[in-house]
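Coordinate inspection notes
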Amino acid sequence: MEKFIQVIVDAGATKTAFAVLGGKDLVHEFVGTGINANYSTDEQINKVFDHFVDSLPKAYHKPEKITYYGAGCASEQNAMRIAAVIASRFPKATFSIYSDLMEACHALCGNNSGLVAILGTGSSSCLYDGNIIVKRAPSLGYLIGDEGSGTHLGKKLITSYMMGKLPMFLLDEIEKDFDLTPEKVIQRIYRKASPNKFFASFSPFIEKYLKEPAVKKICKDSFGEFFDNQVGYYDKDSYNQLHLMGSISFHFKDVIAEVAEEKGIPLGTIIGSPMSLLKAYHTENL
């Protein structure tokens, strides 16, 4: 008996991961360039899928089901763009398009309810009932929101750098590692594209110097604002635990746990990448 072939797509701004499952077994993997439906052009999206199709062994050219998770896909218009790309390559497959926040819900909660948040380049959160998202905190973006994200951490670090509020050796390390001066920072923020990615690029530096009191304070302040604004948006009686997904969630989980305890927020599962949990979810729900 032939195994049921399905494809799970995890599309992020940096990379797009494809997992091909034959029944409960992983039979093929591919990683392409990132897709964010809010910013990626149709040409860029098509190119990623073309490379994936080219990588497929002949036995898996006709999957029965495709599940796509990606940034920007909460928008019906963006979801339709992705759907058109999938349908043109796999006309006989059934498919579903979900936002990255629903991806976090499926990976972290499965068929159970919970409060779910993503802490990556940006941040977002929602209340999930085991089937659908029933409430979502407003997504305010990196200018006035995204608390606890890589962008938010980077903004706080750069503000401290510009104001001279870091120890001298850290000021020197920032200038050396990133070839920065205060003048270059202003140019990079206000005269070039994607300042959010610029700020988020400092996350590894922040992690490296996390034991420094000034850096630790930046992190605790940022995560404190996340708990106050994003998690505080929901009634405490509406959830038992907060589950977290994303690179910042994973790399800064000890500090997050420290602040969560101070705030009285019970934490559940914390993961960086969702793919292993998504594989389990989709094989259990065949």
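Everything that follows concerns the structure shown earlier in this document.
Residues numbered from 1 in each chain as written. Predicted model: local features only at pLDDT ≥ 70, side-chain atom pairs only at ≥ 80, totals over all residues. Heavy atoms only, no water.

The next subject is the overall build of the chain. In terms of helices and strands, the chain carries 13 helices and ten strands. The C-alpha atoms of the chain give 20 Å as radius of gyration, which agrees with the globular expectation for 286 residues (19 Å, within 12%). With respect to the three principal axes, the spread of C-alpha positions in the chain is 65 × 45 × 30 Å. Here the chain holds 286 residues, and 48% of them are scored as buried. The contacts of the chain with a sequence gap of at least 6 include a subset with a gap of at least 24, amounting to 66%. Accessible surface computed for the chain: about 14400 Å², of which carbon and sulfur atoms make up 51%. Positive and negative charge centroids in the chain, built from 30 and 33 side chains respectively, lie 3 Å apart. (Helix = DSSP H or I, 4+ residues; strand = E, 2+ residues; numbered from the N terminus. Rg over C-alpha atoms; globule rule 2.2 N^0.38 Å. Buried < 20%, exposed > 50% of the residue type's maximum accessible area, 1.4 Å probe, protein only. Contact = heavy atoms within 4.5 Å. Areas by Shrake-Rupley, 256 points an atom, 1.4 Å probe, with all protein chains shown as cover. Lys, Arg positive; Asp, Glu negative; His and termini not counted. Charge placed at Lys NZ, Arg CZ, Asp CG, Glu CD.)

With respect to the helices and strands, the residue L242 is situated in strand β9 (residues 242–245). The spacing of L242 and L108 is 134 residues in sequence and 9.8 Å in space, taken between C-alpha atoms. Dropping the residues within four chain positions of it, L242 is found in contact with L115, V116, A117, F226, F227, V231, I265, P266, L267 and G268.

This part is about the sheet that holds strand β8 (residues 133–136). Within a sheet, neighbouring strands are paired by backbone hydrogen bonds and run either parallel or antiparallel to one another. If you trace the five strands from one edge of the open sheet to the other, you get β8-β7-β6-β9-β10, paired in mixed fashion. Pairing within the sheet leaves two strands with one partner each, and these edge strands are β8 and β10 (267–271). Across the sheet, the axes of successive neighbouring strands diverge by a mean angle of 25 degrees, strand direction being ignored. Note that strand β7 (residues 123–128) and β8 share three bridges and pair antiparallel. By the bridge assignment for β8, L127 is matched with K135. (Pairing = 2+ DSSP bridges. Axes fitted to C-alpha atoms, helices over the stretch in contact; angles between N-to-C directions.)

So, about the nonpolar core. Within the largest apolar cluster, 62 residues are counted, with the highest numbers of intra-cluster contacts made by F223, F227, L242 and F252. Among the elements that line this core, the one with the most residues is helix α3 (residues 100–109), at seven residues. (Core = buried A, V, L, I, M, F, W, Y, C linked by side-chain atoms within 4.5 Å.)

What follows covers the sheet that holds strand β2 (residues 15–22). In space, the five strands of this open sheet follow the order β3-β2-β1-β4-β5, with mixed pairing throughout. In this open sheet, the two edge strands, each paired with only one partner strand, are β3 (25–33) and β5 (94–99). With direction set aside, neighbouring strand axes in the sheet form an average angle of 15 degrees. Where strand β1 (residues 5–11) meets β2, seven bridges bridge the pair, whose relative direction is antiparallel. The partner of V9 across the bridge, within β2, is F18.

What follows deals with helix α1 (residues 42–55). Taking 1.5 Å of rise per residue, the 14 residues of α1 would be expected to cover 20 Å, and the 20 Å separating its terminal C-alpha atoms lies within 8% of that figure. Those residues of α1 not exposed but buried are I45, V48, F49 and F52. The buried residues of α1 occupy one face: seen down the axis, they fall within an arc of 90 degrees. Facing away from the buried side of α1 by more than 90 degrees, the exposed set consists of E43 and D54. (Expected span 1.5 Å × (residues − 1). Arc of directions from axis to C-beta.)

Attention shifts here to the layout of surface pockets. A volume near 210 Å³ is recorded for the second largest pocket. Contributing to the lining of the second largest pocket are Y142, L143, K155, I158, T159, M162, V185, I186, I189, Y190, P195 and F199. Listing elements by their share of the lining of the second largest pocket, those giving two or more residues are α4 (141–144), α5 (150–162), α7 (182–191) and α8 (195–200). (1 Å grid on protein atoms, 1.4 Å probe; cavity = no way out; pocket = protein on both sides within 12 Å on 5 of 7 lines; lining within 4 Å. Points joined across faces, edges and corners; volume = space filled by probe spheres on them.)

This part is about the packing of aromatic side chains. In this structure the tally under the stated criterion is 16 aromatic pairs. Centre to centre, the rings of F30 and F52 are 6.2 Å apart; their planes meet at 50 degrees, and the pair counts as tilted. A residue pair is termed long-range when its members are at least 10 positions apart, and F30 in strand β3 and F52 in helix α1 qualify at 22 residues. Comparing F30 with F52, the two get one shared label, buried. Ring centres of F198 and F202 lie 5.2 Å apart, and the angle between their planes is 90 degrees; on these two criteria the pair is classed as edge-to-face. Each member of the pair, F198 as well as F202, carries the same accessibility label: buried. An aromatic cluster is built from F169, F178, F198, F199, F202, F205 and Y209, whose rings are joined through pairwise contacts. The ring of Y233 has K135 sitting right over it, with the charged end atom 5.0 Å from the ring centre. (Phe/Tyr/Trp six-rings, centres within 6.5 Å; stacked < 30°, edge-to-face > 60°. Lys NZ or Arg CZ within 6 Å of the ring centre and 35° of its normal.)

Our focus in this paragraph is the pattern of salt bridges. According to the stated counting rule, one finds twelve salt bridges in the structure shown. The shortest N-O distance in the salt bridge between E173 and K176 comes to 3.3 Å. Here E173 and its partner K176 are both found in helix α6 (residues 168–178), three residues apart, which amounts to about one turn of the helix. The class of E173 is buried, set by a relative accessible area of 18%. (Salt bridge = Lys/Arg side-chain N within 4 Å of Asp/Glu carboxyl O.)

The values are spatial; any link to function lies outside them.
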